Amino acid sequence: LGELAHFTTGRIADVTAGIGEGGGGNGGGWGQRRETDAVLAGLIIAIRMRNGQSGRQAFVTLDDQSGRVEAALFTEAYERFGHLLVKDKLLVVEGAVSYDDYNGGYRIRAKNVMDTEQARMHFARRVEIRLGVGRAVNGFMHELADTLTPFREGGCPIHVRYEGDIARADFRLGPSWNVVPSDELVQRLRGLVGDGNVAVRYT
């Protein structure tokens, strides 16, 4: 869950606290709304479906233990992302957050919906691998190449930090080694170099 902080705007309670309610909340006039673009994440605790004029729509309640927000997937968004809507699944939603006068709560109008792996692949900027003398032995580069090969042709570069007894070096593998930073790749790299020696960076 700590990974979510790297690509969400903030906790639900923190993001919604800065949004005025309709009917004059936070100094707004009657019916006035304020909204903000945000990326929120939470566990799906309820799913409500509705038939709109142009097709099916879904309204999903997300909870991140700080607060709750309803994610509205109107017809186009539902057609694209409806397969991700599973109760008790962790979801990342990008869209405009506002106060919903009708329901008396906060809503995010979904533009993009991702599970955690998709969010990592969308927001990740690089994968860092740290090597010590004991790891960088003969044959290691072949093992690293074999590990990376099934995940190549992604957009995320690989950075390697070598820390020896008398020298240190940082280098980036060539663009042909850019990867898709999936859960499976991260786990394979951790198996190769150790849990604490692999990190996905988002900035």
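Here, every reference points to the structure presented above.
Cut-offs used in this document
- Going along each chain's sequence as written, the residues are numbered from 1 onward.
- The predicted nature of this model means local features are confined to residues of pLDDT at least 70 and side-chain atom pairs, given and counted, to a pLDDT of 80 or more, with totals for whole chains, interfaces and linings taken over all residues.
- Hydrogens and waters are ignored; side-chain quantities use all the structure's heavy atoms.
- In this analysis, strands are considered paired if DSSP registers two or more bridges between them.
- Runs of H or I in DSSP of at least four residues are treated as helices and runs of E of at least two as strands, each being numbered from the N terminus.
- Each axis is a line fitted through C-alpha atoms, taken for helices only over the stretch in contact, and angles between the N-to-C directions span 0 to 180 degrees.
- Whether two residues are in contact is decided by their heavy atoms: any pair within 4.5 Å suffices.
- A 1.4 Å probe that fits into a set of points on a 1 Å grid over the protein atoms alone but cannot get out defines a cavity; an open set with protein on both sides within 12 Å along at least five of seven lines defines a pocket, and lining residues are those with an atom within 4 Å of a point.
- Grid points are joined across faces, edges and corners, and a volume is the space filled by probe spheres set on the points.
- Amino acids are sorted into nonpolar (Ala, Val, Leu, Ile, Met, Phe, Trp, Tyr, Cys and Pro), charged (Asp, Glu, Lys and Arg) and polar (every other residue, Gly among them).
- In this scheme, a residue with accessible area under 20% of its type's maximum is buried, one over 50% is exposed, and one in between is partly exposed, where area comes from a 1.4 Å probe on protein chains only.
- Each aromatic pair joins two rings of Phe, Tyr and Trp (for Trp, the six-membered one) with centres within 6.5 Å, and gets the label stacked for planes under 30 degrees apart, edge-to-face for over 60, and tilted for any other angle.

Peer 1: Before we move on, could you go through the sheet that holds strand E3 (residues 68–73) and cite the residues and values that matter?
Peer 2: Spatial ordering of the closed barrel is given by E1-E2-E3-E5-E4, a layout of 5 strands whose pairing is mixed. Taken over all neighbouring pairs, the strand axes of this sheet differ in orientation by 50° on average, direction set aside. Packed onto the sheet, helix H3 (residues 116–123) meets strand E1 (35–52), strand E4 (90–100) and strand E5 (105–114) and runs at close to 70° relative to E5.

Peer 1: I'd love a proper account of the sheet that holds strand E10 (residues 198–201), names of residues and values included.
Peer 2: Sheet strands line up and pair through hydrogen bonds in the backbone, either parallel or antiparallel. A sheet is described by the order of its strands in space; here 4 strands give the open sequence E9-E8-E6-E10, paired in mixed fashion. Since the sheet does not close on itself, it has two edges, and those belong to strand E9 (168–172) and E10, each with one partner. Neighbour to neighbour, the strand axes of the sheet diverge by 20° on average, direction disregarded. Of the pairings in the sheet, the one linking strand E6 (residues 126–132) to E10 comprises 4 bridges and is antiparallel in character.

Peer 1: With reference to specific residues and values, describe the layout of surface pockets.
Peer 2: Each pocket or cavity is described by its volume, and for the second largest pocket that value is around 230 Å³. If you go around the second largest pocket, you meet 14 residues; those closest to its centre are Glu128, Ile129, Arg130, Arg161 and Arg201. At the level of elements, E6, strand E8 (158–163) and E10 are the ones that each hand at least two residues to the lining of the second largest pocket. Partitioned by chemical class, the residues of the lining of the second largest pocket number 4 nonpolar, 3 polar and 7 charged.

Peer 1: How would you sum up unusual backbone geometry? Please name residues and give values.
Peer 2: Positive phi is not limited to glycine here, since Gln65 has a value of about 75°. With respect to the helices and strands, Gln65 occurs in the loop between strand E2 (55–63) and E3. For Gln65, a relative accessible area of 79% gives the class exposed. With a phi close to 75°, Asp88 is a non-glycine residue in the positive phi region. Mapped onto the elements of the fold, Asp88 is located in the loop between helix H2 (75–81) and E4. A relative accessible area of 55% places Asp88 in the exposed class.

Peer 1: Now, about the packing of aromatic side chains: what can you tell me, with residues and values included?
Peer 2: Under the counting rule described, the total for this entry stands at 4 aromatic pairs. Between Phe7 and Phe123, the ring centres sit 5.5 Å apart and the planes meet at 5°, which makes this aromatic pair stacked. Of this pair, Phe7 sits in the segment before helix H1 (12–17) while Phe123 sits in helix H3, and the two are 116 residues apart along the sequence. As far as the burial class goes, Phe7 and Phe123 line up, both buried. Here Phe59 and Phe74 contribute two aromatic rings whose centre-to-centre distance is 5.8 Å and whose plane-to-plane angle is 85°, an arrangement assigned as edge-to-face. Of the two residues, Phe59 sits in strand E2 while Phe74 sits in the loop between E3 and H2, which places them 15 residues apart along the sequence.

Peer 1: How would you explain the pairing of E1 if you had to name every residue and give the values?
Peer 2: Both E1 and E4 contribute to a ladder of 9 bridges, which runs antiparallel. The residue of E4 that forms the bridge with Leu40 is Val93. Between E1 and E2, which pair antiparallel in sequence order, lie 2 residues.

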